[in-house]
Amino acid sequence: MEILLNEKSLDGQFDSLETFFNTLPEMSRNMKILKEKNLLLYKHSSLYSRNVTKEMTLMELQNSRGNIIPVYRDEIRKWKRDLSEMTTSPPFWDTESQQCEDSISEAARRHTDVISFQHPDYEDKELKVLDYDKNTQIVHSSVTTNYLLHTLLMHKVIDEYYFLKKRYMGKRLVLEQLDMESVKNLQQTEFEELTAALDRFERMESWGAICKDQFFYYKSYQPASKKKDYFANKGFGDKEINKFRCGQHSQIRCFGYRKDDKFHILMVERDHSVSDTG
């Protein structure tokens, strides 16, 4: 699969270089995902001439380190490789095709999507494009990593485990030990329910708030006997296992253990086969 970089999402919308630099970590994460999944990022060959601010283009930004204040020079140095890759490294779609005027139209022609810089017109949206036959094509424009992951999952470029691991990387939830088979058994609506609950879990202000929230009904897993201890039999006998539900009326449960401020998810359950024993 290939994805196009939307050059129209740079039209001088940033009011300062600092504002632009603050958006680059998200763009960098997106580019890393594309590399990990061997997805080609096509650009327009004139991307370098697009304006970051009203006064400065991408190329001018890269070449003007001596003319701007030191803190910005440090930021340019930090992002030099990514900026250079965006502007000067192939592939360029307009050298292969002259049929479209911009990356969005070209993405529609190729039946793919675009990655955009932060811009109100293109942030995590479905863009409707009329093709040559006047048929409406949908192009997904990703700015945030979460929206990009959603788009790649929809296209089956990534699986649910990759989606969850990247979505919650570096946060309160840890999924390195998650039994992926327990997630694969979920229906689409159940997976969406799970994701919404995990998002809520991450947004909670404290562990105290999590434990008190009736949405989760967070509590200990207490099997009736060692024989029925599902997690002891899976090699986690030394862990204090807890569980929480994915909504007050949800059948989905998450099991795992807390270590410091992190919760390590071991399994997702949809049928109460484990819950009923503890």
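Preceding this paragraph is the structure being described.
Reference entry: report on the structure contained in this document. Every value quoted in this text rests on a predicted model; they were computed, and no experiment measured them.

Another point: the overall build of the chain. Secondary structure assignment for the chain yields nine helices and 10 strands. When its C-alpha atoms are laid out on the principal axes, the chain stretches across 70 × 50 × 30 Å. The burial tally for the chain puts 50% of its 278 residues in the buried class. Of the accessible surface of the chain, which amounts to about 14800 Å², a share of 45% is contributed by carbon and sulfur atoms. Each charge class in the chain was averaged separately, 42 positive and 45 negative side chains, and the resulting centres sit 6 Å apart.

Another aspect to go through is the packing of helix α1 (residues 17-36) against helix α5 (residues 145-154). Each pair of packed helices gets described by two things: the angle between the helix axes and the distance between those axes. Orientation of α1 relative to α5, taken along the N-to-C sense of each, is 25°, at an axis distance of 9 Å. With respect to α5, the axis of α1 lies roughly parallel. Handedness of the α1/α5 crossing: right-handed. Between α1, through Glu26, Arg29, Asn30, Ile33 and Leu34, and α5, the contact on the second element is made entirely by Thr145, Leu148, Leu149 and Leu152.

Further remarks concern the packing of aromatic side chains. Across all of its chains, the model carries 18 aromatic pairs by this definition. Pairing Phe231 with Phe255 gives two aromatic rings, centres 5.3 Å apart and planes at 35°, and the pair type is tilted. Here Phe255 lies in strand β9 (residues 253-259) and Phe231 lies in the loop between β7 (219-220) and β8 (241-245), a separation of 24 residues in the sequence. As far as the burial class goes, Phe231 and Phe255 line up, both buried. Taken together, the ring pairs connect Phe201, Trp207, Phe215, Phe216, Tyr218, Phe244 and Phe263 into an aromatic cluster. Over the aromatic face of Tyr162 sits the side chain of Lys37, whose NZ or CZ is 4.6 Å from the ring centroid. Over the face of the ring belonging to Tyr42 we find Arg110, whose NZ or CZ atom lies 4.7 Å from the ring centre.

In terms of burial, helix α6 (residues 160-167) is a largely internal element, six of the eight residues being buried. Taken together, the buried residues of α6 touch α1, α5, α7 (180-184) and α8 (188-203). N-capping of α6 is provided by Asp159, with a side-chain oxygen placed 3.3 Å from the backbone N of Tyr161.

Another point: the sheet that holds β7. Read from one edge of the open sheet, five strands run β6-β10-β9-β8-β7, paired in mixed fashion. Two strands bound the open sheet, and with one partner strand each, they are β6 (173-174) and β7. Of the pairings in the sheet, the one linking β9 to strand β10 (residues 262-269) comprises seven bridges and is antiparallel in character. If you follow Lys259 over to β10, its bridge partner there is Lys262.

What follows is about the pattern of salt bridges. Tallied over the full model, the rule gives 13 salt bridges. Its salt-bridge partner being Arg110, residue Glu2 comes within 2.8 Å of it at the nearest N-O pair. With Glu2 in strand β1 (residues 2-6) and Arg110 in helix α4 (residues 103-110), the pair connects residues that are 108 residues apart, well separated along the chain. Residue classification places Glu2 among the partly exposed positions, given a relative accessible area of 22%. Taking relative accessible area as the criterion, Arg110 reaches 17% and is therefore assigned buried. With a closest N to O distance of 3.0 Å, Asp213 and Arg200 form a salt bridge. Here Asp213, found in the loop between α9 (207-212) and β7, pairs with Arg200, found in helix α8; they are 13 residues apart in sequence, far enough to count as distant. Relative accessible area serves as the criterion here: at 12%, Asp213 is assigned to the buried category. Through salt bridges with shared partners, one network takes in Glu2, Glu96, Glu106, Arg109 and Arg110.

Reading the values: rules and limits
- Residues numbered from 1 in each chain as written.
- Predicted model: local features only at pLDDT ≥ 70, side-chain atom pairs only at ≥ 80, totals over all residues.
- Heavy atoms only, no water.
- Helix = DSSP H or I, 4+ residues; strand = E, 2+ residues; numbered from the N terminus.
- Buried < 20%, exposed > 50% of the residue type's maximum accessible area, 1.4 Å probe, protein only.
- Areas by Shrake-Rupley, 256 points an atom, 1.4 Å probe, with all protein chains shown as cover.
- Lys, Arg positive; Asp, Glu negative; His and termini not counted.
- Charge placed at Lys NZ, Arg CZ, Asp CG, Glu CD.
- Axes fitted to C-alpha atoms, helices over the stretch in contact; angles between N-to-C directions.
- Parallel < 35°, antiparallel > 145°, perpendicular 65-115°, else oblique.
- Left-handed = near helix turned anticlockwise from the far one by under 90°.
- Contact = heavy atoms within 4.5 Å.
- Phe/Tyr/Trp six-rings, centres within 6.5 Å; stacked < 30°, edge-to-face > 60°.
- Lys NZ or Arg CZ within 6 Å of the ring centre and 35° of its normal.
- Polar contact = N/O pair within 3.5 Å; in protein donor to acceptor, adjacent residues only side chain to side chain.
- Pairing = 2+ DSSP bridges.
- Salt bridge = Lys/Arg side-chain N within 4 Å of Asp/Glu carboxyl O.

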